[in-house]
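Summary of the model geometry
Single-letter residue listing:
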Amino acid sequence: MAQITAAMVKQLREMTDSPMMECKKALVEADGDIEKAVDVLRTMGLAKAAKKAGRATNEGTVAAYVSEDGKVGALVEISCETDFVGSNPKFTGFASKVAKAVAEANPADVEALKAADLDGETVDSALTEMIHVMGENMNIVRFVRRSVEAGALNSYIHLGGKLGVLVEFAFANEATAANDEFKTFAHDVAMQIAAADPIACNREDVPADVVEREMAIYKKQAADSGKPEAIQERIATGKLEAFFKERCLVDQAFIKDGSITITELAKRVSKAAGDEISLVGFDRMAFGE
């Protein structure tokens, strides 16, 4: 039987964040082999994770990943039990790795994602290990993924992980992705989406039922005004136009300079970059929605 020293227990505890007594028991079972002791703790973690599976997960984080070439990206929402764990670097770091796994594996759903590779093991195994290490129940709630051919993606995480944005741009010249003007623009647009909460990239993307519902409200308001029908129609159309300007990204006033719209800003940046840059779409993921 190998001698279990305090230094060995300390090393194992630092490697796994497990309680000291559990580390000592694992080392005894593994006859002093650190790597085997890690496996013992992970096996113990499987049992513990099962016990935690029924506990509520109302906290957590949204993480983002965009590949170095900007061609593929993802957002993922992972929940846990407490805000303390939700903001822990180990938990948020794990979430970022899962976002990368989404981008690289292109899974069809959460179950497929759990079977995907993450640093040589499955995402599900890594999740179980995190549950053991952090001592809380956790769940992968949802994810989105985008990929582009002629263009690039940009991401932004707001409010310490409570809100994530993934935005897609199109352009012809591959060098534009590395252009400083474009990179600033892409970051600003991602922040715009986080702050201004548009419902669509442009007015053509607004669902028809949303437009119909808004127009019906505006027509009723105009009719209640008692003004002639011809004027009522103009009033309703004007209000719908204001709705598009407020809720469609490309028509919104730029949050850093209200004198220009996002479309006008895109034209400025296109000229500076020597390319035609356009916005294709975006995903805005707020934690808990």
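By convention here, each chain's residues receive numbers from 1 onward along its written sequence. Totals for whole chains, interfaces and linings use all residues, but because this is a predicted model, local features are given only for residues with pLDDT of at least 70 and pairs of side-chain atoms are given and counted only at 80 or more. Note that the side-chain values use all heavy atoms of the structure and ignore hydrogens as well as water.

1. Comments concerning the overall build of the chain
Counted only if it meets this: Helix and strand assignments follow DSSP, with helices taken as H or I runs no shorter than four residues and strands as E runs no shorter than two, numbered in order from the N terminus. Radius of gyration here is computed from C-alpha atoms only, and the compact-globule reference equals 2.2 Å multiplied by the residue count raised to the power 0.38. The classification of residues rests on relative accessible area computed with a 1.4 Å probe and restricted to protein chains. Under 20% of the type maximum is buried, over 50% is exposed, and intermediate values are partly exposed. Here, residues are in contact when the closest pair of their heavy atoms is within 4.5 Å. Here the accessible surface of atoms and residues is derived via Shrake-Rupley with a 1.4 Å probe, and residues count as covered only by protein chains that are part of the display. A residue counts as positive if it is Lys or Arg and as negative if it is Asp or Glu; His and the chain ends are not included. To locate a charge, take atom NZ for lysine, CZ for arginine, CG for aspartate or CD for glutamate.
Regarding its fold elements, the chain presents eleven helices and ten strands. For a compact globule of 289 residues, the expected C-alpha radius of gyration is about 19 Å, and the chain comes in at 25 Å, more than 25% above that figure. Based on the C-alpha atoms only, the size of the chain along its principal axes is roughly 95 × 50 × 30 Å. In the chain, which comprises 289 residues, the proportion classed as buried is 45%. The contacts in the chain between residues at least 6 apart in sequence include a share of 63% that link residues at least 24 apart. Per element, the accessible surface of the chain, about 14900 Å² overall, is 52% carbon and sulfur. Of the side-chain charges in the chain, 34 are positive and 47 negative, and the distance between the mean point of each set is 4 Å.

2. Side note on the pattern of salt bridges
We apply this condition: Salt bridges are defined by distance alone: a side-chain nitrogen of Lys or Arg within 4 Å of a carboxyl oxygen of Asp or Glu.
For the coordinates displayed, the defined rule picks out 13 salt bridges. When the shortest N-O distance is used, the salt bridge between arginine 142 and glutamate 77 registers 2.5 Å. Placement of the pair is arginine 142 in strand E5 (residues 139-147) and glutamate 77 in strand E2 (residues 72-80), with a sequence separation of 65 residues. Assessed through its relative accessible area of 25%, arginine 142 is described here as partly exposed. Taking the relative accessible area as the measure of exposure, glutamate 77 reaches 3% and is therefore buried.

3. Topic: the pairing of strand E1 (residues 59-66)
Formally: When DSSP finds two or more bridges between a pair of strands, those strands are recorded as paired.
Note that E1 and E2 share eight bridges and pair antiparallel. Within E2, the position partnered with tyrosine 65 by the bridge is alanine 74. Between the antiparallel neighbours E1 and E2 lie five residues, among them glycine 70 with a positive phi of about 75°.

4. A look at the side chain of glutamate 214
Position of glutamate 214 relative to the elements: it lies in helix H9 (residues 208-224). Buried charge without a partner: glutamate 214 forms no salt bridge, and the closest opposite charge is arginine 213, 4.8 Å away.

5. A short note on the sheet that holds E5
The condition that has to hold: Helix axes use the C-alpha atoms of the stretch in contact, all axes being lines fitted to C-alpha atoms, and the angles between their N-to-C directions lie in the range 0 to 180 degrees.
The antiparallel open sheet is built from three strands, whose spatial order is E1-E2-E5. Strands at the two margins of the open sheet, each flanked by one partner only, are E1 and E5. Here the strands of the sheet are splayed against their neighbours by 10° on average, with no regard to which way each runs. Taken together, the eight bridges between E2 and E5 define a ladder with antiparallel strand orientation. Each residue of the ladder has a partner; that of valine 76, found in E5, is phenylalanine 143.

6. Digging into the confidence of the model for the chain
Heads up, the rule is: Confidence scores here are pLDDT values: one per residue, from the predictor, ranging 0 to 100.
The predicted model of the chain has a mean per-residue pLDDT of 92, with 96% of residues at 70 or higher. Per-element mean pLDDT across the chain ranges from 69 in helix H3 (residues 34-52) up to 98 in strand E7 (residues 163-170).

7. A closer look at the packing of aromatic side chains
Going by this rule: Each Phe, Tyr or Trp ring, with Trp reduced to its six-membered ring, pairs with another whose centre is within 6.5 Å; inter-plane angles below 30 degrees give stacked pairs, above 60 give edge-to-face pairs, and intermediate values give tilted ones. We call a charge positioned above a ring when the Lys NZ or Arg CZ atom is no farther than 6 Å from the ring centre and deviates by at most 35 degrees from the ring normal.
Enumeration over the complete set of coordinates arrives at four aromatic pairs. Taken together, a centroid distance of 5.3 Å and an interplanar angle of 85° make the contact between phenylalanine 169 and phenylalanine 182 edge-to-face. Highlighted residues: phenylalanine 169 in strand E7 and phenylalanine 182 in helix H8 (residues 180-196), separated in sequence by 13 residues. When sorted by exposure, phenylalanine 169 lands in the same class as phenylalanine 182, which is buried. Taken together, the aromatic side chains of Phe169, Phe171, Phe182 and Phe185 make up a single cluster linked through ring pairs. For the cation-ring pair, lysine 162 lies above phenylalanine 287, with the distance from its terminal atom to the ring centre recorded as 4.7 Å.

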